[in-house]
Amino acid sequence: MKRRILSGVLASTFLAASSLVAISTVSGASAQLTTVNFVYDFPGPDMEITPIVAAQQQGYFASQGLKVNIIFPPDTSTSSQMLTTGAANIGFITTSDMAVAVQAKAPLLSVANYSMSNNWGLFAKPGSKLTLANLKGKKLFSWGDTWTNAMLPFVVKKAGLKMSDITVVTASNDMPLLLAGKIDWTTSTSNYGVPGIFGATGKNPVAITGAAAGVPNVPVWVYATTKSYASAHASVVKAFLKAVLEGTKYASAHQSAAAAAFTKAYPKSGYTAAYNKLGWSLTVPLLTNAKGKYFVQTDAQWSLLNQGLVATKQIKTAPTPSTYYSNAYLPAQ
Amino acid sequence: MNRFKIFRNLVVPVISFSALIGLWELIILWGHVQGYLAPTPLAAWEAISSNWSTLWPLTSWTIKETVWGFGAGAVIGILFGVLMSKLRFLQRSLYPVLVVTQAVPIVAIASPLVLLMGFNLGPKVVIVAWIVFFPVTVNVLDGLNHVDHDLITLARVLGARPWRTFFLIEVPATITPLFSGLKIGATYAVTGAVIGEMAASSGQSLALYQHTQIGQLNSAGVYGTTILMTAIGMSWFLLMITLEHLCTPWLRRSVARRWSRGARTLDNTYVVKGAK
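Residues numbered from 1 in each chain as written. Chains lettered and ligands numbered in written order. Predicted model: local features only at pLDDT ≥ 70, side-chain atom pairs only at ≥ 80, totals over all residues.

Enquirer: What is the right way to read the overall build of chain A from this model?
Expert: Scanning chain A from terminus to terminus reveals 13 helices and ten strands. Looking at chain A as a whole, 49% of its 333 residues are labelled buried. Considering only contacts in chain A between residues 6 or more positions apart, those separated by 24 or more positions represent 81%. (Helix = DSSP H or I, 4+ residues; strand = E, 2+ residues; numbered from the N terminus. Buried ≥ 20, exposed ≤ 12 C-beta atoms within 10 Å, placed from the backbone. Contact = placed C-beta atoms within 7 Å.)

Enquirer: In this structure, what is going on with the overall build of chain B? I would like to understand it.
Expert: The secondary structure content of chain B amounts to ten helices and one strand. Reading chain B from its N end, one meets helices and strands in the order α-α-α-α-α-α-α-α-β-α-α. Overall size of chain B, expressed as C-alpha extent along the three principal axes, is 75 × 55 × 30 Å. For chain B, the proportion of its 276 residues judged to be buried stands at 35%. Contacts in chain B between residues far apart in sequence, at least 24 positions, make up 75% of those at least 6 positions apart.

Enquirer: Help me understand the sheet that holds strand 9 (residues 206-209) of chain A in this model?
Expert: Strand pairing in a sheet relies on backbone hydrogen bonds, with the paired strands running either antiparallel or parallel. Judged by pairing direction, the sheet is mixed, and its six strands sit side by side in the order 9(A)-5(A)-8(A)-6(A)-7(A)-1(B) without closing on themselves. Both outer strands of the open sheet, strand 9 of chain A together with strand 1 (200-201) of chain B, are each paired with one neighbouring strand and no more. In terms of strand pairing, strand 5 (residues 120-124) of chain A meets strand 8 (residues 185-189) of chain A through four bridges, oriented antiparallel. Bridged to L122 of chain A within strand 8 of chain A is T187 of chain A. (Pairing = 2+ DSSP bridges.)

Enquirer: So what exactly am I meant to see when it comes to the interface of chain B and chain A here?
Expert: Size of an interface, as often reported, equals the accessible area lost when the parts are brought together. Residue-level contacts link 20 residues of chain B with 25 residues of chain A. Contributions of two or more residues to the side of chain B that touches chain A are made by helix 5 (106-117), strand 1 and helix 9 (206-215) of chain B. Within the side of chain B that touches chain A, the residues separate by chemical class into ten nonpolar, ten polar and no charged. Relative to strand 1 of chain B, strand 7 (residues 167-171) of chain A is paired through two bridges, and the arrangement is antiparallel. Residue pairing in the sheet places T170 of chain A in a bridge with S201 of chain B of strand 1 of chain B. (Nonpolar A, V, L, I, M, F, W, Y, C, P; charged D, E, K, R; others polar.)

Enquirer: Sorry if this is basic, but what is going on with the domain arrangement of chain B here?
Expert: Residues and elements named next belong to chain B. Splitting chain B by domain gives domain 1 (1-32) and domain 2 (38-260). Domain 1 and domain 2 are separated by 28 Å when their C-alpha centres are compared. Contact with domain 1, which involves five residues of that partner, is made by four residues of domain 2. Grouping the constituent residues of the side of domain 1 that touches domain 2 by class yields four nonpolar, no polar and one charged. (Domains from an automatic or database assignment.)

Enquirer: Just checking my understanding: could you explain the nonpolar core for this structure?
Expert: Counting 144 residues, the largest nonpolar core has F240 and L241 of chain A together with A189 of chain B as the members making the most contacts within it. At 15 residues, the largest contribution of residues to this core is made by helix 6 (residues 121-145) of chain B. Not counting chain neighbours up to four residues away, the residues in contact with A189 of chain B comprise T66, G69, F70, V128, I131, V132 and W236 of chain B. By size, the runner-up hydrophobic cluster in this structure holds six residues, among which are A44, I214, V222 and Y223 of chain B. (Core = buried A, V, L, I, M, F, W, Y, C linked by C-beta atoms within 7 Å.)

Enquirer: Looking at this model, I keep getting lost on the environment of E48 of chain A. Mind explaining?
Expert: Take E48 of chain A: it is sitting in the loop between strand 1 (34-39) and helix 2 (50-57). Separated by 231 residues in the primary sequence, E48 of chain A and G279 of chain A place their C-alpha atoms 8.1 Å from one another.

Enquirer: Where do I start with the domain arrangement of chain A in this structure?
Expert: Residue and element names in this part refer to chain A. If you check the domain split of chain A, you get domain 1 (33-116 + 219-323) and domain 2 (120-213). Averaged C-alpha coordinates put domain 1 and domain 2 at centres separated by 24 Å. Each partner contributes residues to the interface: domain 1 has 19 residues there, and domain 2 has 16 residues. At the level of secondary structure, the elements contributing two or more residues to the side of domain 1 that touches domain 2 comprise helix 5 (95-103), helix 12 (273-283) and helix 13 (299-311). Classifying every residue of the side of domain 1 that touches domain 2 by side-chain character gives eight nonpolar, ten polar and one charged.

Enquirer: Looking at this structure, how should I read helix 8 (residues 190-201) of chain A?
Expert: Given 3.6 residues per turn, any residue in an α-helix points the same way as the ones three and four places further on. Given a rise of 1.5 Å per residue, twelve residues ought to cover 16 Å, and the 16 Å separating the end C-alpha atoms of helix 8 of chain A matches this to within 8%. Contacts made by the buried residues of helix 8 of chain A are with strand 5, helix 7 (175-179), strand 8, strand 9 and helix 12 of chain A. (Expected span 1.5 Å × (residues − 1).)

Enquirer: Sorry if this is basic, but what is going on with the environment of D148 of chain B here?
Expert: As for its placement among the helices and strands, D148 of chain B is situated in the loop between helix 6 and helix 7 (149-157). When the C-alpha positions of D148 of chain B and V104 of chain B are compared, they lie 35 Å apart, and in sequence the two are 44 residues distant.

Enquirer: Looking at this model, I keep getting lost on unusual backbone geometry. Mind explaining?
Expert: With the exception of glycine, most residues fall at negative phi, and the peptide bonds are largely trans. Of note, the phi angle at K105 of chain A is positive, near 65°, even though the residue is not glycine. You can see K105 of chain A is positioned in the loop between helix 5 and strand 4 (108-113). Positive phi is not limited to glycine here, since H32 of chain B has a value of about 50°. Residue position: H32 of chain B is located in the loop between helix 1 (3-30) and helix 2 (41-49).

Enquirer: Which parts of the structure should I look at to understand the pairing of strand 3 (residues 90-94) of chain A?
Expert: Regular strands place side chains that alternate from one sheet face to the opposite one. All names here are of chain A. Counting buried positions over the five residues of strand 3 gives five, a clear majority of the element. Burial along strand 3 is two-sided: the residues I90, F92 and T94 and G91 and I93 are all buried. The pairing of strand 1 with strand 3 spans two bridges and is parallel. The residue of strand 3 that forms the bridge with F38 is I90. Note: strand 3 against strand 10 (residues 221-226), five bridges, orientation antiparallel. Bridging across to strand 10, T94 finds its partner in W221.

Enquirer: Help me understand the environment of I175 of chain B, please; the structure alone is not making it clear to me.
Expert: Residue and element names in this part refer to chain B. Looking at the element boundaries, I175 is found in helix 8 (residues 162-199). Separated by 60 residues in the primary sequence, I175 and S235 have C-alpha atoms spaced 21 Å apart. Not counting residues within four places of it along the chain, the set of residues in contact with I175 comprises C247 and T248.

Enquirer: In this structure, what is going on with the sheet that holds strand 4 of chain A? I would like to understand it.
Expert: Residues and elements named next belong to chain A. Pairing is mixed across the open sheet formed by five strands, whose spatial order is 2-1-3-10-4. In this open sheet, the two strands that pair with only one neighbour each are strand 2 (66-71) and strand 4. Sheet twist, expressed as the average angle between the axes of neighbouring strands with direction ignored, equals 30°. (Axes fitted to C-alpha atoms, helices over the stretch in contact; angles between N-to-C directions.)

Enquirer: Which parts of the structure should I look at to understand the pairing of strand 5 of chain A?
Expert: Residues and elements named next belong to chain A. Buried residues dominate strand 5, accounting for five of its five residues. Bridge count between strand 5 and strand 9: four bridges; the pairing is antiparallel. Residue pairing across strands places G121 opposite T209, the latter belonging to strand 9.

Enquirer: I'm lost on helix 1 of chain B in this one. Help?
Expert: Residues and elements named next belong to chain B. In this model helix 1 runs 38 Å from its N-terminal to its C-terminal C-alpha over 28 residues, within 8% of the 40 Å that 1.5 Å per residue would give. At V11, helix 1 shows its largest kink, close to 35°, and the proline P13 lies no more than four residues downstream. Of all the 28 residues making up helix 1, one are buried; the element is thus mostly uncovered. (Bend = angle between axes of the 7 residues up to and from the residue.)

Given below as structure tokens:
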């Protein structure tokens, strides 16, 4: 009997000790996670955030010792400022945001490309006549963001017109205006413009994008941080990009599942599952360069953007490309 | 006005305003706040003056939206107030509807208005009028509901027709509450115009200009635009105060000026305008 009591006490003690060890290990692990505040470029979630969602859900961030909080800015123009004020550590912004930020002497650093080419352009309802030859006098939608402000002058220049030859309409949503005929064409990137108009009309839109629209072939989006954060937390930035690379590769290899996971993570995003699936499938081909590499930035891309922005008088001087970016934080591929 | 009153009414606000500007300048300079985060007042002022040729057309457009919207809102507000005080069934049926209109978030109606009316003046005027009419209606209604009934009864006994009773007794008694409503509306009118501009604009708008400056990290441009918007609201409020001052002489003197003693009573004697 005594032996039975003793073995019971010992077993209970062992169980309790094991539980304590397990609890302390778990809490220790969560305590070791480094928090990264990641700011998106749009006030709400959309399918371009799929790699981040995949990295969260597949545990890639956790395995890198990171806990990533996704922050949505109040408007399409505040992400850069949130980075500079420290409200966010790493962000997702357009390359033109980077250019104007550097011009304003904001200490931002682009640490990786998100996309590798320019898929921005003009979109119209199915069956519309959309050519640069009939651009004059048209009402074009703009989100009023830096990217659209930067790209429109290229389109107008290619058409041999002036900005005063078109009417730029800025509003909170383009699709109702386009469908109601209040605007002639909208501006967007192919991975947003196509699913948006397809979802509303059931048909593919008429579009002119990239070189056909006269815009320089530069990446649209980058991952950025501040120079001070990158130098003080280099290992965190590297770990973040490594996890995002894994997330991107996973989401590219499992497109339907990744898009569905985004839809499930953000059921109130306002986008349908079909939109997210189509949008993400159109995004995937944009993510790698000619060598099949993700993230890699080049002097050439920033020089080209510089030239374009200076030529259209959107920035006064062209900084050296190395002012904008660093590939030092990229994971091995 | 004696010197003390001039000092109290003009110099003190100017001093406090200047102190506020000075404090702003010192916080930016001492705090080493970067120019892309927040500007000094001087930088904000320079952003206005150096871009005046761009900003003036946008400012005049916003003023136009505010003037038309305010005018429409004030007229509609006065009409509703008078009609509802005269027709009780209208007050009972309309008042809850008017309250509901104000519970609807303005930003929610802005987009549908754009779809209906386009990008020009129309939706902005409707939004401003929507904001302005309610405080005017409520104040006019309150003013008319609180007119001294003994005075109205006396006028009727003396043989006054309803329209004369209205203009000689009810209107003067309503002017003070009316201007309270107009001052509230004046303060919010520019907010309505900017909300309308944010909902949709086709180039001519201070709100869009400000949005672009945010994207350019040009904080001086952002603050400069805010100063212009505030100036429009303040000017409109000051205009209402001036109008109120001119329309309510009895609040400052108990005897009407000689030139304005045109209102005779029914028994052919003069009365002080607006006296209850």
